[in-house]
Amino acid sequence: MTSTTDIGSRMSLGVGAIIGESFSIFFRNLISIALMALVPSMLSLLASSALVGLDVALGTADPEFSTSFGFGAWGMAIVLQISFYSLTTALLVQLAYDAKLGRRIQLGRYVTPAIRAAIPIAILSLIAGVLAGVAMIALIIPGLWVYAVFSMIAPAVVIERVGFGGLGRSSELTKEYRWPILGLLILIGIFIGIFQYVAGFAADLTVGSGQFVAMLAYLIPSTLGAGLSGVSVALIYARLREIKEGVTVDQIALIFE
């Protein structure tokens, strides 16, 4: 008798389909996604600026590491950025599901679940980042592979409400599909990198026009990159649940209604 695992292992992740749908949802809901990502991104930038200065937060200057205070402030800024990015991802995962189902986007409905999930996602993402960094020291490929292993932390925490069990749940979901997930994330990451490059270039170009102008120039493209990332992660998660557990996106969506 063929087990569910054996069947699932032969099913394709559908990298091309996920990329196509990610961009479709992204462009159809561009304004909603931009608004959803803008607020936490702005708060992150303001908090980081208070710690290390706006030029460092924008990436137009190098952080100060000559003193323990400077290093500590930079470390705290990184933690804050991860926390706010986690909040953004938690918001966008919910938006992506409503968009995939053709339901009306309700920005206010996503806030409470996202805030509840933000701290576990941030802590687990930090742990996963450290693990990936350690693996990266040995060789690039293992580091990227670890990144793929834990790439489903955010949707697992937001949708399944597994809390700090997100590391284990992500590892379980990505098993047997980590290489195609990695390839997909790299492809999406190229486009996100373009957004981030544009953000840095725009900030550098407008830094002499005042802080507010430089902030906007940086935030607009960077939030779009965060939006594309959140949507693609949500769709990968939905596909993995469908392959490995036979759970449709409609059934998943009922969990957080």
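Structural data are supplied above this passage.
Caption draft 1: A look at the overall build of the chain. Check the secondary structure of the chain and you find 12 helices and zero strands. Tracing the chain from N to C terminus, the helices and strands come up as α-α-α-α-α-α-α-α-α-α-α-α. Over its C-alpha atoms the chain spans a radius of gyration of 19 Å, differing by no more than 12% from the 18 Å that the globule rule assigns to 257 residues. Counting only C-alpha atoms, the chain reaches 65 × 45 × 30 Å along its principal axes. Among the 257 residues that make up the chain, the fraction classed as buried is 46%. Across the chain, every contact between residues at least 6 apart in sequence was considered, and the portion connecting residues at least 24 apart equals 72%. Here the chain has roughly 12,400 Å² of accessible surface; of this, 69% comes from carbon and sulfur atoms. Here the chain carries 14 positive and 14 negative side-chain charges, and the mean point of each set is 10 Å from the other.

Caption draft 2: Layout of the packing of aromatic side chains. This model, assessed by the stated rule, comprises six aromatic pairs. A ring pair is formed by Tyr 97 and Tyr 237, whose centres lie 6.5 Å apart and whose planes are at 80 degrees; its orientation type is edge-to-face. On the criterion of sequence distance, the pair formed by Tyr 97 in helix α5 (residues 68–100) and Tyr 237 in helix α11 (residues 211–245) is long-range, its members being 140 residues apart. Taken individually, Tyr 97 and Tyr 237 each receive the classification buried, so the pair is uniform in this respect. Joined through ring pairs, the aromatic side chains of Phe 23, Phe 26, Phe 27, Phe 191 and Phe 195 make up one cluster.

Caption draft 3: View of α11. Helix length check: α11, at 35 residues, gives a terminal C-alpha distance of 49 Å against a target of 51 Å (1.5 Å per residue), a fit within 8%. One or two residues past the end of α11 sits Gly 246, with phi positive at roughly 70 degrees.

Criteria and thresholds
Residues numbered from 1 in each chain as written. Predicted model: local features only at pLDDT ≥ 70, side-chain atom pairs only at ≥ 80, totals over all residues. Heavy atoms only, no water. Helix = DSSP H or I, 4+ residues; strand = E, 2+ residues; numbered from the N terminus. Rg over C-alpha atoms; globule rule 2.2 N^0.38 Å. Buried < 20%, exposed > 50% of the residue type's maximum accessible area, 1.4 Å probe, protein only. Contact = heavy atoms within 4.5 Å. Areas by Shrake-Rupley, 256 points an atom, 1.4 Å probe, with all protein chains shown as cover. Lys, Arg positive; Asp, Glu negative; His and termini not counted. Charge placed at Lys NZ, Arg CZ, Asp CG, Glu CD. Phe/Tyr/Trp six-rings, centres within 6.5 Å; stacked < 30°, edge-to-face > 60°. Expected span 1.5 Å × (residues − 1).

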